[in-house]
Amino acid sequence: LDRIIMIGTGETKNLTTYEAVSLIRGKKWTKVKFGIERPQNSWENQYLVIEVERDTIDVPSVRSKILTHNNQKIWYIEISIFWEQTNKLLTRAISDSVNENVSGIVLDLRGNGGGLLTSAVELAGHFLPKGTLITKTKYSNFKPIDYQSKGFWELEKFPLVVLIDKLSASSSEILSLALKEQLNAQLVGTESFWKGSIQTLYDFDDGTSLKYTIGKRFWPRGTTIDKKGIQPDVELPFDFTGYVEKGVDNQLQKAQEILAEKIT
């Protein structure tokens, strides 16, 4: 997989995700340069400089496909972000795959930095019965709020494995831990990002802004992952070499193996 090591003339080594995104974003049709590190089969990295023109990017937040493992059909669902259309896209995918006779589901939340809390709650409703607690929010100056499943519940019967990594944050952590605590879903991958705080943004007249914390989120069993992260049930770092050389996603492969055991 390619790594962005430079944005413009600055290194990305010590940047947070928010800082990197801020540098990449800009006015439409303007340009930004990236320094790219690309692994090679020779064990030597190739270094590239790519100039990209900024524009609106429409990336579907839900992608799915049917995989086959040990003669069992497994439904792979990747959620890249939780946004207004995410639940609608998942509902459509469920409708398209309803007759595929799948035996289990892999939900991929790797690289998903979060998005709308309400979207994550909506998605949880496809797995959990109506009224099931998904997350609690506690504020310093407001009443606490409990978020519960709306109970679509079409996917509750399927064995479930959730893939997470260091970039799985916020709403991704809410959904994955709720599925673990309420549905006994197994988590595979590496520790999550650890964002359990609730923040808001205040804009000043001079164009600057202040981002500050107003509360925290807690999971069904009262746990919080703020500054700790979610620990997967199966700790498995991503094998970049295997992916580059053989096209093998070792984390997804492990998830399929776990599902095969659950199914049998």
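A. Just the layout of surface pockets, in detail. Here the second largest pocket defines a volume of roughly 160 Å³. Lining the second largest pocket are Trp75, Ile94, Ser97, Val98, Asn101, Val102, Glu154, Leu155, Lys157 and Phe158.

B. Fine view of the sheet that holds strand 7 (residues 104-108). Judged by pairing direction, the sheet is mixed, and its six strands sit side by side in the order 5-6-7-10-11-14 without closing on themselves. The open sheet is flanked by strand 5 (62-69) and strand 14 (234-235), the only strands paired with a single partner. Pairing of strand 7 with strand 10 (residues 160-164), which is carried by four bridges, proceeds in the parallel orientation. Looking at strand 10, one finds that Val106 is bridged to Val161. Its contacts with the sheet put helix 2 (residues 86-97) on strand 5 and strand 6 (72-79), and the angle it makes with strand 6 is roughly 165 degrees. The sheet contacts of helix 6 (residues 250-263) involve strand 5, strand 6, strand 7, strand 10, strand 11 (186-189) and strand 14, and relative to strand 10 the element is tilted by about 165 degrees.

C. Spotlight on the packing of aromatic side chains. This model, assessed by the stated rule, comprises five aromatic pairs. With a centroid separation of 5.4 Å and 10 degrees between ring planes, the pair formed by Phe193 and Trp194 is classed as stacked. The class for Phe193 is partly exposed, based on a relative accessible area of 29%. The exposure class of Trp194 is partly exposed, given its relative accessible area of 35%. Ring geometry for Phe238 against Tyr243: centres 5.5 Å apart, planes inclined by 50 degrees, an arrangement best described as tilted. Between Lys138 and the ring centre of Phe218, over which it is positioned, the NZ or CZ distance is 5.0 Å.

How each quantity is defined
- Residues numbered from 1 in each chain as written.
- Predicted model: local features only at pLDDT ≥ 70, side-chain atom pairs only at ≥ 80, totals over all residues.
- Heavy atoms only, no water.
- 1 Å grid on protein atoms, 1.4 Å probe; cavity = no way out; pocket = protein on both sides within 12 Å on 5 of 7 lines; lining within 4 Å.
- Points joined across faces, edges and corners; volume = space filled by probe spheres on them.
- Pairing = 2+ DSSP bridges.
- Helix = DSSP H or I, 4+ residues; strand = E, 2+ residues; numbered from the N terminus.
- Contact = heavy atoms within 4.5 Å.
- Axes fitted to C-alpha atoms, helices over the stretch in contact; angles between N-to-C directions.
- Phe/Tyr/Trp six-rings, centres within 6.5 Å; stacked < 30°, edge-to-face > 60°.
- Buried < 20%, exposed > 50% of the residue type's maximum accessible area, 1.4 Å probe, protein only.
- Lys NZ or Arg CZ within 6 Å of the ring centre and 35° of its normal.

Geometric descriptors of this kind do not, in isolation, establish any biological role.
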